[in-house]
Amino acid sequence: MARFNKIAALDPIDLDNFINKFVANFITNSSTRTIITAFYVFLLEDAERIVELRLKSTEGSSIGPIISHLFNGSLIFESLLKMLYPKKDNGAPVKTLRDIFSTRTFQTDFGMGFQTKATSFQEILNGIHDNSLLTAFCTTAKVRNTTGHNLIWDNIFDTLANYESVMHQIVNALLFVIERKFIR
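Because the structure is a prediction, the values reported are computed rather than measured. (Residues numbered from 1 in each chain as written. Predicted model: local features only at pLDDT ≥ 70, side-chain atom pairs only at ≥ 80, totals over all residues. Heavy atoms only, no water.)

**Student:** Any details on the packing of helix α2 (residues 15–27) against helix α9 (residues 160–183)? Residues and values, ideally.
**Tutor:** Here α2 crosses α9 at 85°, and the two axes come no closer than 10 Å. By the criterion of interaxial angle, the relationship of α2 to α9 is roughly perpendicular. Here N17, F18, K21, F22, N25 and F26 of α2 lie close against α9, whose contacting residues are L175, I178, F182 and I183. (Axes fitted to C-alpha atoms, helices over the stretch in contact; angles between N-to-C directions. Helix = DSSP H or I, 4+ residues; strand = E, 2+ residues; numbered from the N terminus. Parallel < 35°, antiparallel > 145°, perpendicular 65-115°, else oblique. Contact = heavy atoms within 4.5 Å.)

**Student:** Requested: an account of helix α8 (residues 133–147), with residues and values cited.
**Tutor:** Look at α8: 21 Å from first C-alpha to last across 15 residues, which is about the 21 Å you get at 1.5 Å a residue. With 13 of its 15 residues buried, α8 lies for the most part within the structure. (Expected span 1.5 Å × (residues − 1). Buried < 20%, exposed > 50% of the residue type's maximum accessible area, 1.4 Å probe, protein only.)

**Student:** Outline the packing of aromatic side chains, listing residues and values.
**Tutor:** Per the counting criterion, the structure on display carries 17 aromatic pairs. Between Y85 and F106, the ring centres sit 5.4 Å apart and the planes meet at 80°, which makes this aromatic pair edge-to-face. You can see Y85 sitting in the loop between α4 (64–84) and α5 (97–101) and its partner F106 sitting in helix α6 (residues 104–110), a full 21 residues away along the chain. Residue classification places F106 among the buried residues on the basis of a relative accessible area of 0%. (Phe/Tyr/Trp six-rings, centres within 6.5 Å; stacked < 30°, edge-to-face > 60°.)

**Student:** Talk me through the nonpolar core; I want residue IDs and the actual numbers.
**Tutor:** In this structure, L70, F101 and F137 are the most contacted members of the largest nonpolar core, which totals 55 residues. Put simply, the parts of the chain that give this core at least two residues each are α2, α3 (33–55), α4, α5, α6, α7 (121–126), α8 and α9. If sequence neighbours within four positions are ignored, F137 has contacts with F77, F101, F106, F110, F114, A173, F176 and V177. (Core = buried A, V, L, I, M, F, W, Y, C linked by side-chain atoms within 4.5 Å.)

**Student:** Outline a nonpolar patch on the surface, supporting the account with residue identities and numerical values.
**Tutor:** Nonpolar side chains collect at one region of the surface, where M1, L15 and I19 lie side by side and expose about 250 Å² of accessible area between them. Turning to its location among the elements, I19 is positioned in helix α2. (Patch = residues over 30% accessible without salt bridge, like charges linked within 9 Å, V, L, I, M, F, W, Y side chains within 5 Å. Areas by Shrake-Rupley, 256 points an atom, 1.4 Å probe, with all protein chains shown as cover. Salt bridge = Lys/Arg side-chain N within 4 Å of Asp/Glu carboxyl O.)

**Student:** Quick rundown of the environment of A161? Include the residues and the values.
**Tutor:** Mapped onto the elements, A161 comes out in helix α9. Its relative accessible area of 49% is what places A161 among the partly exposed residues. Taking the C-alpha atoms as reference points, A161 and I50, separated by 111 residues in sequence, lie 9.8 Å from one another.

**Student:** So what's going on with the environment of L70? Residues and values would help.
**Tutor:** On the secondary structure map, L70 appears in helix α4. Sequence-wise, L70 and I35 are 35 residues apart; in three dimensions their C-alpha atoms are separated by 15 Å. Not counting the four nearest positions on each side in its chain, L70 is found in contact with F121, V143, F157, Y163, V166, M167 and I170.

**Student:** Could you give an account of the pattern of salt bridges, with specific residues and numbers?
**Tutor:** Per the stated rule, a full pass over the model turns up nine salt bridges. The residue E48 makes a salt bridge to R49 at a minimum N-O spacing of 4.0 Å. As a salt-bridge pair, R104 and D89 come within 3.5 Å of each other at their nearest N and O atoms. Taken as a pair, R104 in helix α6 and D89 in the loop between α4 and α5 lie far apart in primary sequence, 15 residues in all. Under the relative-accessibility criterion, R104 is labelled exposed at 56%. Judged by its relative accessible area of 39%, D89 is partly exposed. Taken together, the shared-partner salt bridges in this structure form one network comprising E45, E48, R49 and E52.

Structure representation (C-alpha cells):
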C-alpha cells in the first residue's frame, strides 16, 4: 500500500480503511471470502517468486510458477470486476474483461479505451509506461488473457525488474479498484 500511495494521485489507502471498508465486506460471505484469501496469497507469494528468480540457473528456469502467479493476480482483478459489473448493458451476463470494459457503468467509473490482448510478454512489458490506472488495467487484462490460454510464452523474466514491473501493475489495478469502489 505504501508503494501504491506514493504513485497514485488518490487519497492514501490506510490499513484501517482497507480492512474495514474492503476486507470486512468480503470476509463475512463465504462466496466472496475467496477473493480476500486469494489476494493475500497473491501478495505473499510475490516474495517466493522473487527468490526463485534470483536463484535461477544460468541456463534459465521454468517460468511456469511466474506465469501462474501473475495469472492468479489478474484473475482476482477479473473476479472483483465481475462482482461489481455482472451484466452487460443489454442485461446479459458478462463473460470477459472486454465485456466489463464495454459497459457504461464501468466506463463511468473508470473511463474507456482499455486493451485486453497481447501476443507476448514483451508486448505487455513494452506497454508499461507509467503507474496510471489505464496502464494498470491494460497490463492486468493482457496478463489475464495471455496467461489464461497457454503456458508457453517468451521469457521476459530474465531480469527481476521485468517481473516486478508486471507484478506492480497488477497490484496497482487491484488497489485502484479497491480504492475507487470500496474505500472512497
